[in-house]
Structure formats: structure tokens, C-alpha cells
Amino acid sequence: YARGIANEALFILSLQPEGDPVADKASKFCETYDIYSEKLAARGLRCGILVQATIGHGPTMTQRAKMQPLVGMLDGKEYHTVCPYDENFRAYIEKSMATLTKRHPSTLMVDDDFRLFARGCRGCACPKHLEEIGKRAGRSFTREELLEVMNGTGAEAQRIVDIFYETQIDSLVGAARAMRRGIDSVDPDQDVLS
């Protein structure tokens, strides 16, 4: 800090939901954050928070939360990652972000686990996504049927590919809005980096 290499401390907090009922990780992590940020602030150092996991990077959790897991588009596997369409996840992350914002961190940053396309499984094909894709396409699909159509050619294949991408983006945007609602409920001026 004194040599200008870093300008603040970012505390790494993983909020990937876990447990039944889901653990209030934000409050627990903030107990430690409060102790250290106060000591660093007394030395004139800024303190921020890196939300290192929201939907999750994919490591095995001790006890999964009762939320819709991501189902890989390519492989059909259930990952230890939460689908951002899940309303329980959105409520959880909204509350968690409000808890963090009450600390008024100098920076609030969301890590790169908040993504769907850039995973080896190439997106989510869970029941929530398949239902939404079906509504928009005017017909229902299994994951395998959807993959087959998307691997095809022509206007219909491209239309379904576009719908698939739209639902992936919309699920993330909806979860991001939930995060922002939590932040705004405490401090509408809090910036978030991603």
C-alpha cells in the first residue's frame, strides 16, 4: 500500500448458498470483516469485499442448498452451482448483498463465477431453463432435443440458439437485479465491480 502496489484490501467472501436451511454466510463472514476492516481503517487503509462466489465455481459443497442446480447443456450433469433463475437463490443473494452493503465497503466486487456460457458445460439446461426456452419457442424440449436442434442448420435452428442464449442472459440479469435490490436497500450509491 505504501509503495502504491495496492490501494485497498479486498476481503474474499464466498456466498455460494449451502445447507438446509441455507446458511447466512454473509452475516458470519461480516463478523470477521468488521474486526479487520476497523483495524485497517484506523491505519488509513480502505477495505472492500470480493464476493468470490455467488452461484458458485463448481466445487463440491458439504451440503447443497435446496435450490435448482445448474444442469450442464453439453453433458446433462448437475453441478455444485446454483441456477440463477432460482427464486430462492435470488432472495438469498439479495439479502446477502444487503448485509455486505451495511458495512459500506470501499469496493464491492462480484467474481467471475457469475456466468453460464463460459463454463465447460456451455450453459444451463435445468428444468427452469428448459421451461422458459419452451415458452419462448412455442414447444417443449428435453436437453438432448434442444442440443440436437441447436446443432442443426437453418433459420429454425438459429431461432432456438438465440432463445437459448437469451434465457441464459436473462437468468443472470434477473439475479444481478436481485443483488442490486439488496445493495440499493442499504446504499443506492454503492458501486459494484465485476
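Right, let's walk through the structure included here. Nothing here was measured: the structure is a model prediction, and the numbers come from that model. (Residues numbered from 1 in each chain as written. Predicted model: local features only at pLDDT ≥ 70, side-chain atom pairs only at ≥ 80, totals over all residues. Heavy atoms only, no water.)

Examining the overall build of the chain
What counts, and what does not: Strands here are runs of E lasting at least two residues and helices are runs of H or I lasting at least four, both read from the DSSP assignment and numbered beginning at the N terminus. Relative accessibility under 20% of the residue-type maximum defines a buried residue, over 50% an exposed one, and the middle range a partly exposed one, all with a 1.4 Å probe and only protein chains included. Whether two residues are in contact is decided by their heavy atoms, any of which lying within 4.5 Å being enough. All accessible-area figures derive from a Shrake-Rupley calculation using a 1.4 Å probe, and residue coverage is judged against the displayed protein chains alone. Two residue types count as positive, namely Lys and Arg, and two as negative, namely Asp and Glu; His and chain ends fall outside the count. Here the site of a charge means atom NZ of a Lys, CZ of an Arg, CG of an Asp or CD of a Glu.
When helices and strands are tallied, the chain shows five helices and six strands. The order of helices and strands in the chain, counted from the N terminus, is β-α-β-β-β-α-β-α-α-α-β. For the chain, the spread of C-alpha atoms along the three principal axes comes to 60 × 35 × 30 Å. Each of the 194 residues in the chain was classed as buried or not, and the buried ones make up 46%. By sequence separation, contacts in the chain at least 24 residues apart represent 75% of the contacts at least 6 residues apart. If you sum the accessible surface of the chain, you get close to 10,300 Å²; carbon and sulfur atoms cover 51% of it. Here the chain contributes 25 positive and 28 negative side-chain charges, whose respective centroids are spaced 4 Å apart.

Considerations on the packing of helix H2 (residues 87-101) against helix H5 (residues 155-184)
Where we set the bar: Here the axes come from fitting lines to C-alpha atoms, over the contacting stretch only for helices, and the angles between their N-to-C directions go from 0 to 180 degrees. When the near helix sits turned anticlockwise from the far one by under a right angle, the crossing is termed left-handed; a clockwise turn instead gives a right-handed crossing. Ten residues, namely Ala, Val, Leu, Ile, Met, Phe, Trp, Tyr, Cys and Pro, are considered nonpolar, four, namely Asp, Glu, Lys and Arg, are considered charged, and the remaining ones, Gly among them, are considered polar.
Between H2 and H5, whose axes approach to 7 Å, the crossing angle comes to 35°. In this structure, H2 meets H5 at a crossing whose hand is right-handed. Packed against H2, whose contacting residues are Phe89, Arg90, Ile93, Glu94, Met97, Ala98 and Thr101, the element H5 presents Asp170, Ser171, Gly174, Ala175, Ala178, Met179, Arg181, Gly182 and Ile183 at the interface. A per-class count over the contact of H2 with H5 returns eight nonpolar, four polar and four charged.

A word on the pattern of salt bridges
Opposite charge on two side chains permits pairing when their charged atoms draw close. Short version of the rule: Salt bridges are identified by distance alone: a Lys or Arg side-chain nitrogen within 4 Å of an Asp or Glu carboxyl oxygen.
This model, assessed by the stated rule, comprises 15 salt bridges. Measuring nitrogen to oxygen at the nearest pair gives 2.8 Å for the salt bridge that ties Arg136 to Glu132. On the criterion of helical spacing, the pair formed by Arg136 and Glu132 is a turn pair, its members being four residues apart in helix H3 (residues 127-137). A cluster of three or more residues bridged by salt bridges with shared partners is formed by Glu132, Arg136, Glu166 and Asp170.

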